Amino acid sequence: MSGKENPVRPGRTRRLAAAAAVAALEGAALAAWGITMVVLGLVGNPDSPRQAEAGGLTVLALAAMPLAAAYGLWHARRWSRGPALIIQLVALPVAWTMAQNGGVMIAAGAALGAAAIAELVLLVHPAATEALGIAATEG
């Protein structure tokens, strides 16, 4: 077997497809937020246009991680599970903070929290780890 071949594994399952969809939605939401910040920095009237544009570009760069994880999960790539898990663990305190701000942010925080928990459940399920070729360690 050459170094480029992958071990035999079932491939994408419904769980991986769902996890990929959640990660893609998170990435798309971040990208939309980043684009909005850049546009408002360019044509809006922010206190600091440079800061708004830099913030928007930073958010756009952050959107790359869940989008890459979504791609990897969709194609059942083993490497994608780590970034996807990290994203969700970071999203949980962000969701909590959002929900503490009141108004529309409560709903946004609840949605983000629910998505993060759903993604975590999908990613730690034995069927998902098996589909990604991640073997359980035997003790």
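This one's a predicted model, so the numbers in the text were calculated from it and none came from an experiment.

## Concerning the overall build of the protein chain
Counting its secondary structure elements, the protein chain contains 5 helices and 0 strands. Tracing the protein chain from N to C terminus, the helices and strands come up as α-α-α-α-α. Classification of the 139 residues of the protein chain by burial places 31% in the buried group. Considering only contacts in the protein chain between residues 6 or more positions apart, those separated by 24 or more positions represent 66%. Of the roughly 8,600 Å² of accessible surface on the protein chain, a fraction of 68% belongs to carbon and sulfur atoms.

## Examining the packing of aromatic side chains
Centre-to-centre distance and the angle between the planes together describe a pair of aromatic rings. Under the criterion given, the structure shown has 0 aromatic pairs. Taking the ring centre of Trp74 as reference, the NZ or CZ of Arg12 above it sits at 3.8 Å.

## Regarding the nonpolar core
Residues Leu16, Ala19, Leu73, Ala84, Leu123 and Leu132 are the most contacted members of the largest nonpolar core, which totals 15 residues. Where this core is concerned, the elements lending two or more residues are helix H1 (14–43), helix H2 (49–74), helix H3 (81–99), helix H4 (104–124) and helix H5 (126–131).

## Structural notes on the packing of H2 against H3
Two numbers describe how H2 lies on H3: the axes approach to 8 Å, and their chain directions differ by 135°. With respect to H3, the element H2 is oriented oblique. Read as a crossing pair, H2 and H3 show a hand that is left-handed. Between H2, through Met65, Pro66, Ala69 and Leu73, and H3, the contact on the second element is made entirely by Pro83, Ala84, Ile86 and Ile87. Per-class residue counts for the contact of H2 with H3 are 8 nonpolar, no polar and no charged.

## Focus on the side chain of Arg81
Looking at the secondary structure, you find Arg81 in helix H3. The buried charged residue Arg81 lacks any salt bridge, with Glu119 as its nearest oppositely charged partner at 9.6 Å. Excluding residues that lie within four positions of it along the chain, Arg81 makes contacts with Leu123, Val124, Thr129, Leu132 and Ile134.

## Structural notes on the packing of H1 against H4
Contact geometry of H1 with H4 gives a least axis separation of 9 Å together with a crossing angle of 150°. As summarised for this structure, H1 and H4 are arranged roughly antiparallel, according to the angle between their axes. Note on packing geometry: the crossing formed by H1 with H4 is left-handed. Residues Arg15, Ala18, Ala19, Val22, Ala23 and Glu26 of H1 touch H4, and the partners they reach there are Leu112, Ala115, Ala116, Glu119, Leu122 and Leu123.

## Quick word on unusual backbone geometry
Despite not being glycine, Ala76 has its phi angle at roughly 55°, a positive value. Relative to the elements of secondary structure, Ala76 occurs in the loop between H2 and H3. What makes Ala76 buried here is its relative accessible area of 3%.

## A closer look at H4
Since one α-helical turn is 3.6 residues long, residues separated by three or four positions face the same way. Over its 21 residues, H4 runs 31 Å from end to end, which matches the ideal 30 Å to within 8%, given 1.5 Å per residue. The complete set of buried residues in H4 reads Gly109, Gly113, Ala116, Glu119, Leu120, Leu122 and Leu123.

## Here's the deal with the side chain of Thr129
Secondary-structure assignment places Thr129 in helix H5. Classification of Thr129 as buried rests on a relative accessible area of 14%.

## A short note on the environment of Ala17
The residue Ala17 is located in helix H1 in this model. In sequence terms Ala17 and His75 are 58 residues apart; their C-alpha atoms lie 8.8 Å from each other.

Criteria and thresholds
Residues numbered from 1 in each chain as written. Predicted model: local features only at pLDDT ≥ 70, side-chain atom pairs only at ≥ 80, totals over all residues. Heavy atoms only, no water. Helix = DSSP H or I, 4+ residues; strand = E, 2+ residues; numbered from the N terminus. Buried < 20%, exposed > 50% of the residue type's maximum accessible area, 1.4 Å probe, protein only. Contact = heavy atoms within 4.5 Å. Areas by Shrake-Rupley, 256 points an atom, 1.4 Å probe, with all protein chains shown as cover. Phe/Tyr/Trp six-rings, centres within 6.5 Å; stacked < 30°, edge-to-face > 60°. Lys NZ or Arg CZ within 6 Å of the ring centre and 35° of its normal. Core = buried A, V, L, I, M, F, W, Y, C linked by side-chain atoms within 4.5 Å. Axes fitted to C-alpha atoms, helices over the stretch in contact; angles between N-to-C directions. Parallel < 35°, antiparallel > 145°, perpendicular 65-115°, else oblique. Left-handed = near helix turned anticlockwise from the far one by under 90°. Nonpolar A, V, L, I, M, F, W, Y, C, P; charged D, E, K, R; others polar. Lys, Arg positive; Asp, Glu negative; His and termini not counted. Salt bridge = Lys/Arg side-chain N within 4 Å of Asp/Glu carboxyl O. Expected span 1.5 Å × (residues − 1).

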